[in-house]
Amino acid sequence: MTCTRMKPMMDQGTLVAAIKRCTTVRDLETIQAYMIRTNFTQDSFLLSKLIESYAITLPIRQIAHAYKLFSWTHQPNLFMWNTIIRGYSINDLSSLKAIALYKDMHLGGISSNSFTFGFVLKACCNLPRLEEGKMVHSQVLKMGLDYETHVVNGLIKLYTTCGRVDEARALFDEMSERDLVSWSTMVSGYVQNGCSNEALVLFKQMQAQNVKADEFTLASVVGACGDMGALDLGKWVHSYIDKEGIDIDIVLGTSLVDMYSKCGSLDNAIRVFEGMSKRDVMAWSTMIRGCAIHGFGEKALKVFHAMKSANVRPNSVTFTSVLCACSHSGLVKEGCQYFNSMSLEYGITPQIEHYGCMVDLFCRAGLVLRAHKFIQEMPIKPNAVLWRTLLGACKTHGYKELSESITREVLELEPHSAENYVLVSNVYASLGRWSSVSKVRSQMKHKKAKKRRGWSSIEMGFVVHQFVMGDELHPEIKQIYQMLDQMAKKLKQEGHVATTIDVLHDIDEEEKEHALGFHSERLAIAYGLLRLSKDSPIRIVKNLRVCTDCHSVIKLISSVYKRDIIVRDRIRFHHFREGKCSCNDYW
């Protein structure tokens, strides 16, 4: 629309229609000038529509212009307040202004309505600001608007964004009416906070109540399936998407590629990826990382070259995936070339995660001194993760003197991280220095650092069973321990001798062997042997790294029981078959 000439006496309705048709700032300014000449600026309804158009509806929003009009208004009405707060809440960078305006509104005695709360809660989520969100929550309760579905949805989003999942779930459970947004927000909130199992349980409840999921919900559920390694459920969700005719866009397609990769089904990941009509840089990067974590470094690099041939420019995330592929496959020369090309060819400044990949690459290849030199010459300060990687390599490759100096770096950078104390204890234990182990353990208690508990899970019949070391809670635990005993006898018959170096305690070898025998991945494998058919692969997800002895044991189990065993640990996938592992013991 081009509003260059205005009829002399336009009424309110005509002006409202003209404002709605405006697509440029010039159009609106022409109407605004006409309103000033004809004294229509005293019409609060028209002024509200003008502010709304500047702040919300223009293709290129003009929030500063909207605010100027708003501030010139003698007594802004509720619609104006809501519009300007909404305008500022759209952008993360301006959300603080939205919260400030809400406070001004509240102090000025202007009563809020459910729309006000929805907009200011969005601003609180963008930042995020929990305390201000709690203040809004108290006002919602005070005004008796806690029955409004969209307001409660905003509160659920606030609490999940701020990591308060239990508070969000309490609100969700108390809702008298839930819409699709309620379910979707709670499911995605669980996933974002690492509660993938809870997300899957809630999704099943959602299905039981015949609530049809949308693309956003399904992307979250697919992500949860990937996190938990729930391949069967992930396949069911994929079939549900196909059956309902839901369009697999870039976001959902990328989620499916990621899910199949994380569930150990790389063939399905590739199939989905190749079937996508459009692929952005994130889709390509996800496929590269999928190949990388399965140990197919050369295949990952082929995907990277195909990406460049498709004229998709790699970004920082892409190079993290590429360097990860080189690290897991021992491609030192290629890794160095790609690292250098980041800045030289693409103008991307390497970040700490890229330096971390390079340190990991050198350490896995046994180039410990090169890794140490690389850290010392970094242009940015190394973090504890890099020092921890180097310390682990020193322990593996026997660099005793270097390891002692690095322990100080690790503990100084993260004095409250239990993982660091465990690793340092491990180093001293491997040297047989039990007094130093005891000292480190005392420091750990003094700093109140708690060790992250290891767990392993296995999916069976759409149910994810999770185990911890020495588990006693599973309903079939008696049969599982009987299977463990049977496994131990068969392994001894095959000549297995436990590798006890990773057991930290100053106890005798027999007790160490006993401790290793109850590691969570062995419990999960025992359950798989009990309940899965002989032609079904046993798929295990572990939140920590597989220890040296368990790696050896699982190789032997795959041979003795003639089973394919796929283990995804914190670092990568291990495909065990006929006594061999896909990592070639390079892990």
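Structure shown above.
Residues numbered from 1 in each chain as written. Predicted model: local features only at pLDDT ≥ 70, side-chain atom pairs only at ≥ 80, totals over all residues. Heavy atoms only, no water.

**Things to note about the overall build of the protein chain**
Next, step 1: When its secondary structure is counted, the protein chain shows 30 helices and 6 strands.
Next, step 2: Dimensions of the protein chain, computed from the C-alpha atoms along their principal axes, are close to 100 × 55 × 50 Å.
Next, step 3: Evaluated residue by residue, the protein chain yields a buried proportion of 52% over its 587 residues.
Next, step 4: Here the protein chain displays about 28500 Å² of accessible surface, and carbon together with sulfur accounts for 51% of that area. (Helix = DSSP H or I, 4+ residues; strand = E, 2+ residues; numbered from the N terminus. Buried < 20%, exposed > 50% of the residue type's maximum accessible area, 1.4 Å probe, protein only. Areas by Shrake-Rupley, 256 points an atom, 1.4 Å probe, with all protein chains shown as cover.)

**Looking at helix 3 (residues 44-57)**
Next, step 1: Between its first and last C-alpha atoms helix 3 spans 18 Å; for 14 residues at 1.5 Å apiece the expected length is 20 Å, and the two agree.
Next, step 2: Along helix 3, 11 of the 14 residues are buried, which leaves the element largely enclosed by surrounding structure.
Next, step 3: For helix 3, the full list of buried residues reads Leu46, Leu47, Ser48, Lys49, Leu50, Ile51, Glu52, Ser53, Tyr54, Ala55 and Ile56.
Next, step 4: On its buried face, helix 3 is in contact with helix 1 (12-21), helix 2 (25-37), helix 4 (63-72) and helix 5 (78-89). (Expected span 1.5 Å × (residues − 1). Contact = heavy atoms within 4.5 Å.)

**Remarks on the pattern of salt bridges**
Next, step 1: One pass over the structure, following the stated rule, counts 17 salt bridges.
Next, step 2: Taking the shortest distance from any N to any O, the salt bridge between Arg570 and Glu419 comes out at 2.8 Å. Of this pair, Arg570 sits in the loop between strand 4 (565-568) and strand 5 (573-577) while Glu419 sits in helix 25 (residues 418-430), placing them 151 residues apart in sequence.
Next, step 3: One continuous salt-bridge network, built from bridges that share partners, spans Arg388, Glu414, Glu419 and Arg570. (Salt bridge = Lys/Arg side-chain N within 4 Å of Asp/Glu carboxyl O.)

**Overview of the nonpolar core**
Next, step 1: Core analysis: the largest hydrophobic core is formed by 154 residues, its most contacted members being Ile85, Leu218 and Leu390.
Next, step 2: Examining the composition of this core, we find that 8 residues originate from one element, helix 25, more than from any other.
Next, step 3: Here Leu390 is in contact with Cys363, Val368, Ala371, His372, Ile375 and Ile406, once residues within four sequence places are set aside.
Next, step 4: Counting 31 residues, the second largest nonpolar core, distinct from the first, contains Phe467, Ile477, Met487 and Val567. (Core = buried A, V, L, I, M, F, W, Y, C linked by side-chain atoms within 4.5 Å.)

**Notes on the pairing of strand 5**
Next, step 1: Here strand 4 runs beside strand 5; their pairing, made up of 4 bridges, is antiparallel. Each residue of the ladder has a partner; that of Val567, found in strand 5, is His574.
Next, step 2: The hairpin turn running from strand 4 into strand 5, its antiparallel successor, is 4 residues long.
Next, step 3: Bridging between strand 5 and strand 6 (residues 580-581) involves 2 bridges; their strand directions are antiparallel. (Pairing = 2+ DSSP bridges.)

**Observations concerning empty space enclosed by the protein**
Next, step 1: Per the stated rule, a full pass over the model turns up 1 cavity of 30 Å³ or more.
Next, step 2: Taken as a whole, the largest cavity encloses approximately 40 Å³ of empty space.
Next, step 3: Along its surface, the largest cavity is lined by Gly229, Lys262, Cys263, Gly264, Arg539, Ile540, Val541, Ile566, Arg568 and Phe573.
Next, step 4: Taken together, the elements giving at least two residues each to the lining of the largest cavity come down to strand 3 (538-542) and strand 4.
Next, step 5: At 3 residues, strand 3 tops the list of elements feeding residues into the lining of the largest cavity.
Next, step 6: Here the residues of the lining of the largest cavity sort into 5 nonpolar, 2 polar and 3 charged. (1 Å grid on protein atoms, 1.4 Å probe; cavity = no way out; pocket = protein on both sides within 12 Å on 5 of 7 lines; lining within 4 Å. Points joined across faces, edges and corners; volume = space filled by probe spheres on them. Nonpolar A, V, L, I, M, F, W, Y, C, P; charged D, E, K, R; others polar.)

**A word on the packing of helix 23 (residues 384-397) against helix 25**
Each packed pair of helices is defined by two parameters, the angle between the axes and the distance between the axes.
Next, step 1: Packing of helix 23 against helix 25 brings their axes to within 10 Å, and their N-to-C directions diverge by 20°. Taken together, helix 23 and helix 25 sit at an angle that is classed as roughly parallel. The hand of the helix 23/helix 25 crossing is left-handed. Note on element contacts: helix 25 touches helix 23 through Glu419, Asn420, Leu423, Val424, Asn426, Val427 and Ser430, opposite Ala384, Arg388, Leu391, Gly392 and Lys395. (Axes fitted to C-alpha atoms, helices over the stretch in contact; angles between N-to-C directions. Parallel < 35°, antiparallel > 145°, perpendicular 65-115°, else oblique. Left-handed = near helix turned anticlockwise from the far one by under 90°.)

**With respect to the environment of Ile110**
Next, step 1: Here Ile110 shows up in the loop between helix 6 (95-107) and helix 7 (114-126).
Next, step 2: Through-space distance from the C-alpha of Ile110 to that of Leu50 is 21 Å; in sequence the pair is 60 residues apart.
Next, step 3: Ignoring sequence-local partners within four residues, the contact set of Ile110 consists of Leu78, Trp81 and Met105.

**Here's the deal with the packing of aromatic side chains**
Next, step 1: Evaluation of the coordinates by the stated rule reveals 17 aromatic pairs.
Next, step 2: Ring geometry for Tyr355 versus Phe374: centroids 5.7 Å apart, planes at 45°, classification tilted. With Tyr355 in helix 21 (residues 352-364) and Phe374 in helix 22 (residues 368-376), this pair connects stretches of sequence that are 19 residues apart. Judged on exposure class, the residue Tyr355 and its partner Phe374 are both buried.
Next, step 3: Between the aromatic rings of Phe362 and Phe374, the centroid separation amounts to 5.7 Å while the plane-to-plane angle is 70°, which identifies the pairing as edge-to-face. In this pair, Phe362 is assigned in helix 21 and Phe374 in helix 22, connecting sequence segments 12 residues apart. (Phe/Tyr/Trp six-rings, centres within 6.5 Å; stacked < 30°, edge-to-face > 60°.)

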